[in-house]
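# Observations on chain architecture
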Amino acid sequence: MAISTIAGIDFFQPAEIVARQLIGVTVLVDGIGGRIVETEAYDREDPASHAFSGPTERNAAMFGPPAHAYVYRSYGIHWCLNFVCREEGHGAGVLIRALEPLAGLDEMRRRRDAQDEWLLCSGPGKLCQALGVTRAFNGSSIALPPFQLEAAPPGLEIVTGPRIGISKAMDVPWRFGLAGSRFVSRPFR
């Protein structure tokens, strides 16, 4: 049976619960990464989700077992990292939108050709470039190397709001962030 609980989070839960619980979790890829400060939840019953129309070659990993990566290319340019939730076959996941860079900053700066820490991981495409995540990670277990997840500290204040960059279900408040973090991709309103 696949591992579904990592860093204290049960990935069999609905995406909106997992998305909230991921705030503050540290994610590393080959030792490079940081604290998750922004996420978005998506479910197959959500018209903004890649899973909404059912399984395809592109989104197959989203229908796979929980606690696996779903990596896709956005606008044909940027890779985006999602963590799959719910039972196999359901089709749900959490987009990792932004990290506070904590480990491997020199390598992130080299990969991103940027010095300002805010520019390293303040958006899903930037984050994947900084961590070296590509389609090769699609379907990989996030319980195994090169991934490493560490539990969030207790007592974090989490803010919510509508998701970004979608044209359907725009009012659904499934975007979650660490209150006061300067590393989110856009301010919460």
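The structure presented is a predicted model; accordingly, all values stated were derived computationally and were not measured.

This paragraph deals with the nonpolar core. Membership of the largest hydrophobic core comes to 46 residues, with the highest contact counts inside it found for Phe11, Leu22, Phe83 and Leu149. Tallying contributions element by element places strand E7 (residues 92-103) first for this core, with five residues. Excluding residues within four positions of it along the chain, leucine 22 makes contact with Ile9, Phe11, Ile36, Thr39, Phe83, Val94, Ile96 and Leu149. Of all hydrophobic cores here, the second largest spans nine residues; its members include Ala61, Met62, Tyr70 and Leu95.

Counting buried residues along E7, nine of its 12 residues qualify, which places the element largely inside the surrounding structure. As judged from the 10 bridges shared by strand E4 (residues 32-43) and E7, these two strands associate in the antiparallel manner. What sits directly across from alanine 41, in E7, is valine 94. Two elements, strand E6 (residues 78-85) and E7, share four bridges in a ladder whose sense is antiparallel. Bridging across to E7, asparagine 82 finds its partner in leucine 95. Joining the antiparallel neighbours E6 and E7 is a turn of six residues, in which arginine 86 adopts a positive phi near 70 degrees.

When you tally the buried positions in strand E5 (residues 69-74), you get five out of six residues, the bulk of the element. In this structure, E5 lies alongside E6, joined through six bridges in antiparallel fashion. Each residue of the ladder has a partner; that of tyrosine 72, found in E6, is cysteine 80. Turn length for the E5-E6 hairpin, with the two strands adjacent in sequence and antiparallel, is three residues, and the turn residue tyrosine 75 shows positive phi of about 55 degrees.

Right, let's get into the side chain of glutamate 40. By the secondary structure assignment, glutamate 40 is in strand E4. Among the polar contacts listed, one links the side chain of glutamate 40 to the side chain of tyrosine 42, at a separation of 2.6 Å. If near-sequence neighbours (up to four positions away) are discounted, glutamate 40 is found in contact with Ala19, Gly93, Val94, Leu95, Arg97, Arg163, Ile164, Trp174 and Arg175.

Next up on the list: the packing of aromatic side chains. Tallied over the entire structure, the rule returns three aromatic pairs. Residues phenylalanine 137 and phenylalanine 147 carry aromatic rings whose centres are separated by 5.9 Å and whose planes lie at 80 degrees to one another, so their mutual orientation is edge-to-face. With phenylalanine 137 in the loop between helix H4 (124-131) and strand E8 (147-150) and phenylalanine 147 in strand E8, the pair connects residues that are 10 residues apart, well separated along the chain. Accessibility assignment for this pair places phenylalanine 137 and phenylalanine 147 in one class, buried.

Attention now goes to the environment of glycine 180. Checked against the element boundaries, glycine 180 lands in the segment after strand E10 (175-178). It is 18 Å that separates the C-alpha atoms of glycine 180 and alanine 19, two residues lying 161 residues apart in sequence.

Turning next to the environment of isoleucine 36. Note on placement: isoleucine 36 falls in strand E4. Of the residues examined, isoleucine 36 reaches a relative accessible area of 0% and is grouped as buried. Placed 61 residues apart in sequence, isoleucine 36 and arginine 97 show a C-alpha to C-alpha distance of 8.1 Å. When neighbours within four sequence positions are excluded, isoleucine 36 is seen to be in contact with Leu22, Ile23, Gly24, Val25, Val27, Phe83, Ile96, Ala98 and Leu99.

Criteria and thresholds
Residues numbered from 1 in each chain as written. Predicted model: local features only at pLDDT ≥ 70, side-chain atom pairs only at ≥ 80, totals over all residues. Heavy atoms only, no water. Core = buried A, V, L, I, M, F, W, Y, C linked by side-chain atoms within 4.5 Å. Buried < 20%, exposed > 50% of the residue type's maximum accessible area, 1.4 Å probe, protein only. Helix = DSSP H or I, 4+ residues; strand = E, 2+ residues; numbered from the N terminus. Contact = heavy atoms within 4.5 Å. Pairing = 2+ DSSP bridges. Polar contact = N/O pair within 3.5 Å; in protein donor to acceptor, adjacent residues only side chain to side chain. Phe/Tyr/Trp six-rings, centres within 6.5 Å; stacked < 30°, edge-to-face > 60°.

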